[in-house]
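# What the coordinates show
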Amino acid sequence: MFNSNLEEEVKRISEKFEIEKNKNFTFLLIGRTGVGKSSTVNSLMAEKVAPVGDYRPTTMSVESYEGEIAGVEFTIIDTPGLCDDLEEKGNDYDYLEQIRVNVERIDLMWFITALDDARVRSDEIRGIKIISDVFGSKIWEQSIIVFTCADKVSSVKYPEALRIRTELIREQITKYAGVKISNNIPSVAVSNVQETTPDGERWIGELYIQVYTRMAREGAGAFFTSTVGRIQAPKPSEKIVYVPTPSPEPAKQLTYSPIYLNERQAEVVKKRTEEVIGITVTSAVVGAAFGSVAGPAGALVGGLLGAAWGFFRSVGR
């Protein structure tokens, strides 16, 4: 017979997930036009949530895109022109006002730049200053640095390129946020034309955990419920070896569906979810949810809640 205490616990946790499902989240994208901002977000969300292909910025404007995945609403806010060397770059005040008007709440800011650049461009430096002026140093506490074009760096140079480029970006952020905040901003290298970075690792899982752990609490639960159905967590006994995939010719954006996590990444997601939802999911609770054939717990096996329970079951305790 299904333990009544476990049934109540399953029901309580289920209600918490339902609350998060009805929330939303907002991403703010910072980076010059053509660097791969939209492609990277689209790869993570496995949907064309932001348009791709505008490589000729002509004006500084703020673009907002609304979307919905698995019943969860979200907003992607892009800042074309902010990190581009345009003639109208003197109109900083107008641009600041556009950002204030268009951005009510930010759950995560993505600072996106190319890994194969040798330096921090002057327009990127200016973009860092403008964003810091608008939102203050606190915005950098909920931000990540994303390096695109990782496939353009050789496997030999990759570790050093990632380290040095991260240091250079953080140095600019330090001017407005201080050393403590800037040094805690994680960096992730991605490639929108192949599944792995030059070290042979699948990058989608690392991007996922960094986005999830750096997001504001207000939107993290919604993000998890919108993506949990795609998470593929390995069994504890499995050792996954990732093999680099050659870049396709001609290059085209990848379309991702599963989010592959290794054991470390899966544990990070589990702990973060427990923090966000305010729960502790034990193996007994997960077993109860899957073991029940009737009642509230039995209904969990379907839909997003079922996917969430399936993830916790795969990670174990």
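One structure accompanies this document, and this report is about it. (Residues numbered from 1 in each chain as written. Predicted model: local features only at pLDDT ≥ 70, side-chain atom pairs only at ≥ 80, totals over all residues. Heavy atoms only, no water.)

### With respect to the overall build of the protein
Secondary structure summary: the protein contains eleven helices and eight strands in total. Looking at the protein as a whole, 51% of its 317 residues are labelled buried. The long-range share in the protein, meaning contacts at least 24 apart out of those at least 6 apart in sequence, stands at 79%. Carbon and sulfur atoms make up 49% of the accessible area of the protein, which amounts to about 14,700 Å² in all. (Helix = DSSP H or I, 4+ residues; strand = E, 2+ residues; numbered from the N terminus. Buried < 20%, exposed > 50% of the residue type's maximum accessible area, 1.4 Å probe, protein only. Contact = heavy atoms within 4.5 Å. Areas by Shrake-Rupley, 256 points an atom, 1.4 Å probe, with all protein chains shown as cover.)

### Here's the deal with the pattern of salt bridges
Should the charged atoms of two oppositely charged side chains come close, the side chains can pair. Summed over all chains, the structure comprises 16 salt bridges. With its nearest N and O atoms 2.7 Å apart, the salt bridge here joins Glu97 to Arg100. Here Arg100 and Glu97 lie together in helix H3 (residues 92-102), a separation of three residues that amounts to about one turn. Ionic pairing is found between Lys270 and Glu274, a salt bridge with its closest N-O pair at 3.2 Å. (Salt bridge = Lys/Arg side-chain N within 4 Å of Asp/Glu carboxyl O.)

### Here we look at the side chain of Thr225
Looking at the secondary structure, you find Thr225 in helix H7 (residues 217-227). Judged by relative accessible area, which is 5%, Thr225 ranks as buried. Each residue touching Thr225, except ones within four places of it in the same chain, is listed here: Phe17, Glu20, Lys21, Ala70, Val72 and Leu304.

### As for the nonpolar core
With 57 residues, the main nonpolar core has Trp110, Tyr208 and Phe311 as its most contacted residues. Tallying contributions element by element places helix H6 (residues 203-214) first for this core, with seven residues. Formed by 36 residues, the second largest nonpolar core is a distinct cluster that contains Leu115, Val120, Ile139 and Ile169. (Core = buried A, V, L, I, M, F, W, Y, C linked by side-chain atoms within 4.5 Å.)

### Points about the environment of Val315
Along the chain, the position of Val315 falls in helix H11 (residues 303-315). Considered as a pair, Val315 and Val269 are 46 residues apart in the sequence and their alpha carbons are 9.5 Å apart. Setting aside chain neighbours within four positions, we find Val315 in contact with Ala233, Ala266, Glu267 and Lys270.

### Things to note about the sheet that holds strand E2 (residues 63-69)
Working definition: the strands of a sheet are paired by backbone hydrogen bonds and lie parallel or antiparallel to each other. In space, the six strands of this open sheet follow the order E2-E3-E1-E4-E5-E6, with mixed pairing throughout. At either margin of the open sheet sits one strand with a lone partner, and together these are E2 and strand E6 (187-189). Within this sheet the neighbouring strands show an average axis-to-axis angle of 25°, counted without direction. As paired elements, strand E1 (residues 24-30) and strand E4 (residues 108-114) share four bridges and run parallel to each other. Residue pairing for E4: Leu28 is matched across the bridge by Met109. The strands that H6 touches are E1, E4, strand E5 (143-148) and E6; relative to E5, the one it contacts most, it runs at about 160°. Where H7 meets the sheet, its contacts fall on E1, E2 and strand E3 (72-78), and the angle it forms with E1 comes to roughly 100°. (Pairing = 2+ DSSP bridges. Axes fitted to C-alpha atoms, helices over the stretch in contact; angles between N-to-C directions.)

### Topic: the packing of aromatic side chains
Counted by the stated rule, this structure contains 13 aromatic pairs. When the ring of Tyr212 is compared with that of Phe223, the centres are 6.1 Å apart and the planes differ by 45°; the resulting orientation is tilted. A residue pair is termed long-range when its members are at least 10 positions apart, and Tyr212 in helix H6 and Phe223 in helix H7 qualify at eleven residues. You'll find Tyr212 and Phe223 in the same group, each marked buried. Put simply, the rings of Phe17, Phe25, Phe27, Phe74, Trp110, Tyr208, Tyr212, Phe223, Phe224, Phe311 and Phe312 touch in pairs and so form one group of aromatic residues. The ring of Tyr260 is capped by Arg202, whose NZ or CZ atom sits 3.9 Å from the centre of that ring. The side chain of Arg272 reaches across the aromatic face of Tyr212, ending 5.9 Å from its centre. (Phe/Tyr/Trp six-rings, centres within 6.5 Å; stacked < 30°, edge-to-face > 60°. Lys NZ or Arg CZ within 6 Å of the ring centre and 35° of its normal.)

### Overview of unusual backbone geometry
Even without a glycine there, the phi angle at Ala70 is positive, about 55°. Turning to its location among the elements, Ala70 is positioned in the loop between E2 and E3. On the accessibility criterion, Ala70 (39% relative accessible area) is partly exposed. Non-glycine residue Cys149 carries a positive phi angle of around 60°. Position of Cys149 relative to the elements: it lies in the loop between E5 and helix H5 (158-183). Classification of Cys149 as buried rests on a relative accessible area of 19%.

### A few points about the side chain of Thr273
With respect to the helices and strands, the residue Thr273 is situated in helix H8 (residues 263-277). A polar contact is formed between the side chain of Thr273 and the backbone oxygen of Val269, at a distance of 2.7 Å. Those residues in contact with Thr273 that lie beyond four places of it in its chain are Phe17, Tyr212, Phe224, Gly278 and Phe312. (Polar contact = N/O pair within 3.5 Å; in protein donor to acceptor, adjacent residues only side chain to side chain.)

The quantities given are spatial measurements derived from coordinates; they are silent on function.
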